[in-house]
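A structural walkthrough
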Amino acid sequence: MAKKFIDLMDTTFRDGFQSVFGGRVLLNDFLPAVEAAKEAGITHFEFGGGARFQVPFFYLNENAFDNMDKFREIVGPDANLQTLARGVNTVMLDTGSRELVDLHARMFKKHGTTTIRNFDALNDVNNLIDSGRSIVNAGLKHEVVVTIMDLPPGCEGAHTVDFYEKILRDILDAEIPYDSVCFKDATGTANPQKVYETIKMAKKLLPEGTHVRLHTQETAGISVAQNLAALEAGADGIDAAAYPVSGGTSQPDLLVMMHAIKGKEYDFGFDFEKLLSYEATLKDCLSDYFIPPEATMVEPLIQFSPMPGGALTANTQMLRDNGMMDKFHDAILAMREVVEKGGYGTSVTPVSQFYFQQALNNTLMGPWKKIAPGYGRMVLGYFGKTPVTPDAEVVKIASEQLGLEPTTDKAIDIADRDETKSLAHWKKVLEDEGIETSEENVFIAAACQEKGITFLKGEAEVNVRKLSEMKKEEECTGMGSGNYTVVVDGQKFSVQVAEGDADIQVTAVQGETTAPAAAPAPSGEGEEIKALLPGSVWKIVANPGQSVQEGDKILILESMKMEIDVVAPRGGVVKSINVSVNDKVVEGQVVAVLG
């Protein structure tokens, strides 16, 4: 009896990189592994989209579109190259207008994409209609998604088989064009029995011959069981990654899944030896990259507080970098209440970031004392309709703190009314900066905003974690005798250090200063505005000397793939902005002074 062929997509170069390294892997470092994957017979790759669109511009000083072109060049014209899109968010952190949603599809088609897997974290089908149609109209295959997970124990109201059947029926009733259907579990928490029943339901409901697949992660330790349950229910495809970016917070390993189907009636069409060679090549390519310990582990707490692998490692790295790793356990436990009161959106970008940010706020500042802007806008309806109605008290607090009324308008209609999400706006921004207004550049600017402009101006920097560079940093931490130059408040000083009991000589370096946005105000003058959480400066909104009202934005930080507004605590005049775009800030750091 012939075995059933199962289409296995290799997620190594998108979700694997995202789940382990936060996507920060340089193109030339991994290209030999792409060649090896091709030689191993792999023809279906996830090669871009999601966070792997923004990350090259943010951290690698690389153009994501150029990277996609190079990938296509290596694997040839017949490979199925797939990207990930977040409905009307496409590859952005915020919602996009219809113009931007359409431009996203056309640009990804132009740069080598075959299929776009398209999901909405809230399972709001309205967010899939325009995005799905744009994908198909651009000549791409549309893989429409139902996002799934298990709710924390004791929670109920969504994420059952009946709930997923309703979403699937809504997709069909909306007449969204699609080529395949995926059930995406970014947290890896959906229990295997529910996975089995969900795939069975879908195969019965959908037209005969519809390609149905499961995407999951190993974070909760049950991904292989989930995949086997999906295959037994009739799934036509699953996802896996190659070592060392497999398992842990990523997808199950290619070799592990090959082993798991031994003796069963399924065939991936791969050869063990060729896969071994591929994984050995990838391991060599990534040998200098620092792998966070939690990226290789199963996290039992995830079933209580569902979080995707990519978000987990991004968040723990942020906490570790800022000396806050001790807050991780409490924040994870706090997520249970945040998920329940937030309306049960699926924990996948951007909702996963909203959940963790709010959970961390609740941990650091007390329950519901400070509403994270993304979480607040979500419960108020600005990203679409949540699966169940959010907690009324949380909605009230969010409305008061953010100065926004709840809305039932479609997210894409709200975006269309926002002039800053129009193509004309971003063309004007590029013109003002003296940057070519190609469609690619317009989309880069719209999707990446200040950091996109920084890249296009040739001012981006590389920020990856490599073991060799970390070793050099460690070797430099001890200050021996000699001459050093340090910077304090923008002024350079020459420091002479001698061994023993000799005096340390400090002299100012004449005529040399750095260029901060503005010098800090003298002590005791004005009100200091501090960063509530660590992150990096995304955008500076107000300027020194500018009058602001209470609640006006002073600047915007980026933390855990979220934009965090820093606002004026009262009316006044901005005396100084104490940071620059792309600066790293820590909790409690003074970022501005208000007079």
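Rules and cut-offs
- Residues numbered from 1 in each chain as written.
- Predicted model: local features only at pLDDT ≥ 70, side-chain atom pairs only at ≥ 80, totals over all residues.
- Heavy atoms only, no water.
- Helix = DSSP H or I, 4+ residues; strand = E, 2+ residues; numbered from the N terminus.
- Buried < 20%, exposed > 50% of the residue type's maximum accessible area, 1.4 Å probe, protein only.
- Contact = heavy atoms within 4.5 Å.
- Areas by Shrake-Rupley, 256 points an atom, 1.4 Å probe, with all protein chains shown as cover.
- Phe/Tyr/Trp six-rings, centres within 6.5 Å; stacked < 30°, edge-to-face > 60°.
- Lys NZ or Arg CZ within 6 Å of the ring centre and 35° of its normal.
- pLDDT = per-residue confidence, 0-100.
- Expected span 1.5 Å × (residues − 1).
- Arc of directions from axis to C-beta.
- Pairing = 2+ DSSP bridges.
- Core = buried A, V, L, I, M, F, W, Y, C linked by side-chain atoms within 4.5 Å.
- Axes fitted to C-alpha atoms, helices over the stretch in contact; angles between N-to-C directions.
- Parallel < 35°, antiparallel > 145°, perpendicular 65-115°, else oblique.
- Left-handed = near helix turned anticlockwise from the far one by under 90°.
- Nonpolar A, V, L, I, M, F, W, Y, C, P; charged D, E, K, R; others polar.

**Describing the overall build of the chain**
When helices and strands are counted, the chain shows 20 helices and 21 strands. By the burial criterion, 56% of the 595 residues in the chain qualify as buried. Restricting to contacts in the chain with at least 6 residues of sequence separation, those with at least 24 account for 73%. Carbon and sulfur atoms provide 49% of the accessible area of the chain, an area that totals close to 24100 Å².

**As for the packing of aromatic side chains**
A full pass over the atoms with the stated rule returns 20 aromatic pairs. Seen from their ring centres, Phe13 and Phe71 are 5.5 Å apart, and the 70 degrees between their planes marks the pair as edge-to-face. Separated by 58 residues along the polypeptide, Phe13 in helix α1 (residues 12–21) and Phe71 in helix α4 (residues 64–75) bring together distant segments of the chain. Each member of the pair, Phe13 as well as Phe71, carries the same accessibility label: buried. Ring pairs connect the aromatic residues Phe13, Phe17, Phe30, Phe45, Phe47 and Phe71, which therefore count as one cluster. Across from the ring centre of Tyr59, 3.5 Å away, lies the NZ or CZ of Arg24, which sits over that ring.

**Comments concerning the confidence of the model for the chain**
Per-residue confidence for the chain gives a mean pLDDT of 89, with 89% of residues at or over 70. Scored below 50 in pLDDT, residues 479–524 makes 64 contacts in the model with residues more than four places away or belonging to other chains.

**Side note on helix α11 (residues 272–285)**
Taking 1.5 Å of rise per residue, 14 residues should cover 20 Å, and α11 covers 20 Å from first to last C-alpha, within 8% of that figure. The complete set of buried residues in α11 reads Leu275, Tyr278, Glu279, Leu282 and Cys285. In a view along the axis of α11, the buried residues occupy a sector of 115 degrees, so they form one face of it. The exposed residues of α11 that point more than 90 degrees off its buried face are Glu273 and Asp284.

**Some points on the sheet that holds strand β21 (residues 590–594)**
Strands sit in the order β14-β21-β19-β16 across an open sheet of four strands; the sheet is antiparallel. This sheet does not close on itself; its edge strands, each paired only once, are β14 (527–530) and β16 (547–548). Two strands pair when backbone bridges link them, and β16 and strand β19 (residues 572–577) are joined in this way by two bridges, in the antiparallel orientation. From the neighbouring strand, Ser547 faces β19, where its bridge partner is Val573.

**Quick word on the nonpolar core**
Counting residues in hydrophobic clusters, the biggest one holds 84 residues, and the most contacted among them are Phe13, Phe30, Phe53, Phe71, Phe268, Leu275 and Tyr278. Apart from the residues lying within four places of it in its own chain, the contact partners of Phe53 are Ala64, Phe65, Val91, Phe108, Phe443, Ile444, Ala447 and Cys448. Counting 76 residues, the second largest nonpolar core, distinct from the first, contains Ala186, Ala233, Ala334 and Leu533.

**What about the packing of helix α7 (residues 161–173) against helix α8 (residues 192–205)?**
Running from amino to carboxyl end, α7 crosses α8 at an angle of 30 degrees, the nearest separation of the two axes being 10 Å. Taken as axis vectors, α7 and α8 run roughly parallel relative to one another. In this structure, α7 meets α8 at a crossing whose hand is right-handed. Contacts between α7 and α8 involve Val161, Tyr164, Glu165, Leu168, Arg169 and Leu172 from the former and Lys194, Glu197, Thr198, Met201, Ala202 and Leu205 from the latter. When the residues that make up the contact of α7 with α8 are grouped by side-chain class, the tally is seven nonpolar, one polar and four charged.

**Focus on the side chain of Thr346**
Here Thr346 is to be found in the loop between α13 (328–341) and α14 (351–365). We classify Thr346 as buried; its relative accessible area is 1%. Beyond its immediate sequence surroundings of up to four residues, Thr346 is in contact with Ala121, Asn123, Thr147, Ile148, Met149, His159 and Val351.

**A look at the pairing of strand β7 (residues 180–185)**
For a regular strand, the rule is simple: side chains alternate between the two faces of the sheet. Of all six residues in β7, six are buried; the element is thus mostly enclosed. Side-chain alternation along β7 places Ser180, Cys182 and Lys184 on one buried face and Val181, Phe183 and Asp185 on a second face that is also buried. Two strands pair when backbone bridges link them, and strand β6 (residues 141–147) and β7 are joined in this way by five bridges, in the parallel orientation. Bridge assignment links Glu143 to a residue of β7, and that residue is Ser180. Taken together, the six bridges between β7 and strand β8 (residues 211–216) define a ladder with parallel strand orientation. The residue bridging Asp185 from the neighbouring strand is Thr216, located in β8.

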